[in-house]
Structures are given as structure tokens and as C-alpha cells.
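Chain by chain, the residues:
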Amino acid sequence: MEITVKKLMLNIIFFSFLSSFTVRNFTSFRHLLIVDSMFCMQVSLATRENPFTPKASLIRHWNKRIISTNLPNPPDFFLSKASPLSAVEAAFFASLAARKVLSSHLPAFCSAANLFCVFDSSRASEKQNQDANFALYSNKRFSNYGKSRLAGTDAFKNYSDGINLATDSFSRYSDSATGHGEAFTTYAEDGNVANAKFTSYGSAAKGGTGEFARYHPGVNVPNLQFATYDSDSNNHKLSFSLYTADTNSGSQTFTSYGKNGNSVPAEFSSYGDTSNVMGSIFTAYGEMGNSANDSFKAYTSNANNPTNYFKSYSANGNSAIDTFSSYRDGANAGSDSFQSYGRNSNFDKVNFVNYGKTFSGGTDTFKEYGKGLLDHSIGFKTYGVNNTFKDYAQKGVTFAQYLNSSSRNAELPVNGIFVKWVEPGKFFREHMLRKGFIMKMPDIRDRMPKRSFLPQGILSKLPFSTNQLSELKKIFHAPDNSTIERVILNALAECERSPSRGETKQCVGSAEDMIDFAVSVLGHNVLARTTENVNGSKQSVMIGEVKGINGGQVTRSVSCHQSLYPYLLYYCHSVPKVRVYVADIHDVATQVKINTGVAICHLDTSSWSPGHGAFVALGSGPGLIEVCHWIFQNDMTWTLALI
């Protein structure tokens, strides 16, 4: 009787307070916490559970939409992605989003909703003028580092390796130095978001070398900015080797690179190789330079849709030599623009060898290329298709073995031999999924920042399209040319692109939307599956018992892969003709079960690119073999519920 009276009193107090102080009036977390505390007391006494949280809403939606009899609630791994917001917090932020004032409460929103909103960070500058060896180091700003140094070498090895957000700034690094060397080896490898700014790097330096080897390999969104790099320098050699190889998206900007320099050689080798949507901008690169010697070898080769801009490159220079060898060779689509390249220069020599031999379109534009040159030599040998030459130099330019669309396929190897390396175990054949088979497992660990879904009540009030980019940037505090802006643009581009042949796709930012998409493709008797843990990652494992979903028959599935975004965003898609397996994974030495893996085998690969890493690893081509891969940590595939 006493508890009933207390419940009644709390109900009266709570709803009286709520009616006089609506969600629209919540202007601070102090007000919010008062209401939230009273609400939790009321709910706790009444039912011991809160039925109005986003997590409770997810469970109700699951039970409403999914009719699987063997799993009444979502699996734990899926439920763990639900928004942690309380009922009152969710209502508060939904109100802010509806009134378009969420941006004024962004820090509180990101913290309470478990979002990842900080992609750019600031740290104190550091000054240093001694030889240094930086190993396993991360996230620092170097201002006036190595200025006016005489000889010596600084080595950055395993710098910012494997961390989630690498943010480094090198301002006036090696300024006016003589014979000083810099080496960046395995810099920010396998990071998630990498920001690096080199401002006035090597300015007025004499001699010495700058080496960037395995710089930003495997990074998800690299963002590099080189401003007035090596300007006014003398014979300061730079080498970029395996630079941003195997990365996803990202951009590099070289502004006034080598401007007014004297004999500044630069070598780009395997730059952006096998990357996905890589963009590079070279503005006033080598402008007014003397005897520059630049080499681009295997630059963005085998990449997916690389975009490169060369504006006023080597303009007004003297006796420059530029070589583009296997540039964008074997890439998928892509676009290059050369505007005022070498304009009004003297004795320039440029060679394009195996340039732009893409297997899927791609465009190149040469505007005012070599115009006004004196005694120049420009050669195009084995050059690709879809190229436009507008107002370029009419003399001193030769074209040899220019490919048209009919000859292109004959020139390109269908087995993708241009790609040099694919992680062992990333792709495998279906016959390998049998008991006792020993195989290499790739790195299946999730490298994305930890985030949660948004409740539908908030998500439905937020923009998500390139047409609403300015509003999105305002909400998430994304300045122009910032990393967060690029993260937003990359996600929108992926989500808005047209589906490939036979693909059904949708990007989802709430658990309810993912459920609805899976049900729309597969029906109501479905289940979300993922690999149980990361045990066995990057080592040899033994396959145990293997079970095929739908009896091992050809079926459809919906696979969902994380996209980098402030809130948890998945790119979900369904492709026809797959088989899905659940396999026990054992330690090779002890033969003890260490994991349960989910694998999907694509039976129709005819629309895949010839340079796809699967064909490099397995030694075949599109449509000739099936290709299997594991479902990585925190990714998932939806299938029929019964095995």
C-alpha cells in the first residue's frame, strides 16, 4: 500500500513538472538531469525498467519486424550498438535537432550519445634542434624543428602507428638547414584518421634528403598538406615511397612545392597504390624552379577512382625533367587534370609512359599544357583513353601507342598483376572452408572509433545529403578543408553513388533502419551474424566444423560494413548469388576452438574489376572463380535465421 501511494505521488509530481516544463524549454543539462532523475525514479518504482529508452525501442522494433522463433531479442553484439541516451536525453536532443540548434550543444550531444566528433586536435608546439630518433611516437607539433641545422638526420619510425586519430604538424621543419636528412618510415600505419601538415618544410634548405617510406599506409582517411614545401631550396632531394598505399579515401595537397627551388629532385614511387578514392592536388608545384627533376612512378596505380590535379605545375621553370611512369596504370576510373602545366617554361622535358591505362574509363584533361614553352620535349607513350588536350603546345609533343577503347582490354592483364601486395588470408576459395584445413586469417580487428547508433527520433531530424552539406557542416562544426568535412563528404559520396550491377544498397544510422532494410530484402525470418571475436587474427588457424546457411544453398544476404562518420553509420548492401557459412576456428597448435567465424562466398564475380585484390591474391580474373572473405569485427551479415 505504501509503495502504491509513493508511485502515485511520484507520477503526479513528475507529470506536473513535465507539463509545466516541456522538452522545448530544456536549455541546459541541469534542467535535463532534474527531469531525468525524477523520470527514472518513477519508472523504477513502477516497472523496474525504462521502456522509453532507445535500447528498449530497438528491442520492440526487433520483436515487431522479425519473426525468428529461436531468438526473441536482438543478439548482444547488435544490441550493444544501440544509443546509450536516456529517454529524456533522447527527447531533449531530438527537440534541439528539430529546431536546428543542435550545433550549439554538440560537445554534450557527442558525449552523451557516444559519438566521435573530434577529428582535428590542437596541441602545444615543440621546438627541437638536435638529432632525434622518434620511435613509437605520436601526435605532436614540431615548430621550427631542425632550423638552420648543419648535417645530421632525424628519423620518425613507427610514428603515430595504429592510433585512432593521428594529428601531427611540422611547421618550418628543416628551414634553412644544410645537408640535413629526414626520414619518415612506417608513419601512422594502420591508423583511422591521420592529419599531417608540413608548412614551409625544408624552405631554403641546401642539400640533404627527405624520405617518406610507407607513409600513412593502410590509413582510413589520410589528410596531408604540404604548403611551400622545399621552396627556395637547393638540391634537397625528396622521396615518397609506398606513400598512402592501401588507404581508403583521403587527400594530399602540395601547394608551392619546390617553388623557386634549384635542382630539387622529387620521386613519388608507388604513391597511393591500390588506394580507394585518393585525391592529390599539386598547385604551383615547382613553379619558377631551376633544373627540377621529378619522377612519378606507379602513382595511384591500381587505385579506385583516384583524382589528381596539377595546376601551374613547373610553370615558368627552367630545364625541368618530369617523368610519369605507370601513372594511374590499371586504376579503376579516375580523373587527372593538368592546367597550365609547364606553361612559359624553358627547356622542359616531360615523359608519360604507360599513363592512365585504366580498366574502367577515367578521364584526363590537359589545358594550356606546355603552352609558351621554349625548346621543350613532351612524349606520351602507351597512353590511355578518354583524354582531352585543349590549347596545348603544338610543337615538341609526340604521341605513341595511344590506346582506344577497342585495344584497351587487350593491353591490360586481367589478373591484376600490377597490384603488388594483398594481405594474406583476406580472400580465399570456398573449398578451403572444410574441417582440418589450415589457412591464414587476416587482421579482422575493428579499427574504427567506437560509436553508437542514433535513435530514429534524432536521426530523422538530421540532414544526410550533399545538397544539405552546409547544414551538416554547421551541425558537426566542420570548417572548410578540415578532416571532419572530408569524413562527411566521403560518407555521403559512398552512400549516394549508384549501386553496382545486381546490388541493392542503403546507408543506415539507426538500428531500426538496418532491421527494416534487411527485412525488405530477405523477409521477416532473418538474423544478424558476425564473427564472434578477433582471436586468430593475423595468424594461421585451423578450420573446425562448418555449417552452411540455408543448407549451404545459393542465397542472398545483406552485409553491413561500418563507414567513418560522427555517429555509427553502416553501408548495407545485398548482392545475389552468395553462400554464407558459420565455421569454428581452432588454434593450430592446441586445436582448441578460439573463435566462430562468419564467411561469405561471392559466386558471381563477373562485374568485379580485373585489378581487384581478390584476383591478385588468388590468381584469376572476373567471373572465373568464386571469392570468399570473413566478416570482420563489428561488421555483420544478415541471413535467413535457420541453418
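See the structure shown above.
What this report covers is the structure whose coordinates are included nearby. Please read these numbers as outputs of a predicted model, since none were measured by experiment. (Residues numbered from 1 in each chain as written. Predicted model: local features only at pLDDT ≥ 70, side-chain atom pairs only at ≥ 80, totals over all residues. Heavy atoms only, no water.)

Now for the overall build of the chain. From N to C terminus, the chain includes 12 helices and 31 strands. Looking at the chain as a whole, 53% of its 643 residues qualify as buried. Approximately 26800 Å² of the chain is accessible, and the part contributed by carbon and sulfur atoms is 51%. (Helix = DSSP H or I, 4+ residues; strand = E, 2+ residues; numbered from the N terminus. Buried < 20%, exposed > 50% of the residue type's maximum accessible area, 1.4 Å probe, protein only. Areas by Shrake-Rupley, 256 points an atom, 1.4 Å probe, with all protein chains shown as cover.)

So, on to the state of the cysteines. Working definition of a disulfide: a covalent bond connecting the sulfur atoms of two cysteines. Scanning the model with the defined rule gives 4 disulfides in all. Disulfide pairing places C601 opposite C628 at an S-S distance of 2.0 Å. Taking the sign of the S-S torsion, 105 degrees for the link of C601 and C628, the bridge is right-handed. Of this pair, C601 sits in strand β29 (residues 593–602) while C628 sits in strand β30 (residues 627–630); the two residues are 27 residues apart in sequence, bridging distant segments of the chain. (Disulfide = S-S within 2.5 Å.)

Bringing the environment of L79 into the picture now. Position of L79 among the secondary structure elements: in helix α4 (residues 76–79). Residues L79 and I59 lie 20 residues apart in sequence; the distance between their C-alpha atoms is 8.1 Å. Those residues in contact with L79 that lie beyond four places of it in its chain are K55, L58, I59 and P74. (Contact = heavy atoms within 4.5 Å.)

If you look at the biggest cluster of nonpolar residues, it comprises 34 residues, and the most contacted ones within it are F93, F109, L454, I488 and Y567. Elements with a contribution of two residues or more to this core: α5 (87–98), α6 (106–113), α8 (456–459), α9 (469–475), α10 (483–496) and β28 (569–587). Take this core: its biggest share by element is 6 residues, from α5. Residues F78, A511, L527 and M636 belong to the second largest nonpolar core, which totals 26 residues. (Core = buried A, V, L, I, M, F, W, Y, C linked by side-chain atoms within 4.5 Å.)

One turn of an α-helix holds 3.6 residues; hence residues three or four places apart share an orientation. For α10, with 14 residues, the first-to-last C-alpha span of 20 Å sits near the 20 Å given by 1.5 Å per residue. Of all the residues in α10, the buried ones are T483, I484, E485, V487, I488, A491, L492 and C495. (Expected span 1.5 Å × (residues − 1).)

Moving on, we come to the pattern of salt bridges. Opposite charge on two side chains lets them pair, provided their charged atoms get close. Evaluation of the coordinates by the stated rule reveals 12 salt bridges. In this structure, R429 engages E626 in a salt bridge whose closest nitrogen and oxygen atoms are separated by 2.8 Å. Separated by 197 residues along the polypeptide, R429 in the loop between α7 (405–411) and β23 (438–440) and E626 in the loop between α12 (613–618) and β30 bring together distant segments of the chain. Overall, R429 belongs to the partly exposed group, its relative accessible area being 26%. Residue classification places E626 among the buried positions, given a relative accessible area of 14%. For K593, the salt bridge is made with D584, and the minimal N-O distance between the two is 3.3 Å. Ionic contacts of the salt-bridge type, sharing partners, join the residues D443, R445 and R447 into one network. (Salt bridge = Lys/Arg side-chain N within 4 Å of Asp/Glu carboxyl O.)

Turning our attention to the pairing of β28. With 16 of its 19 residues buried, β28 lies for the most part within the structure. One ladder, built from 5 bridges, connects strand β24 (residues 504–508) with β28; its direction is antiparallel. Of the residues in β28, the one forming a bridge with K505 is H573. For strand β26 (residues 540–548) and β28, the ladder comprises 6 bridges, and the chain directions are antiparallel. Considered in β28, the bridge of V546 is made with A583. (Pairing = 2+ DSSP bridges.)

With a phi angle near 65 degrees, N481 is a residue other than glycine that sits in the positive phi range. Relative to the helices and strands, N481 resides in the loop between α9 and α10. Backbone geometry at N634 places phi at a positive 70 degrees, although glycine is not the residue there. Mapped onto the elements of the fold, N634 is located in the loop between β30 and β31 (636–640).

On to the pairing of strand β27 (residues 555–563). The buried count for β27 comes to 7 of 9 residues, which makes it a mostly enclosed element. Alignment of β27 against β28, held across 8 bridges, turns out to be antiparallel. Bridge pairing in β28 places T555 opposite V578. Connecting β27 to the antiparallel partner β28 that follows it, the hairpin turn spans 5 residues. Pairing between β27 and β31: 3 bridges, direction antiparallel. Opposite C560, over in β31, you have M636 as the bridge partner.

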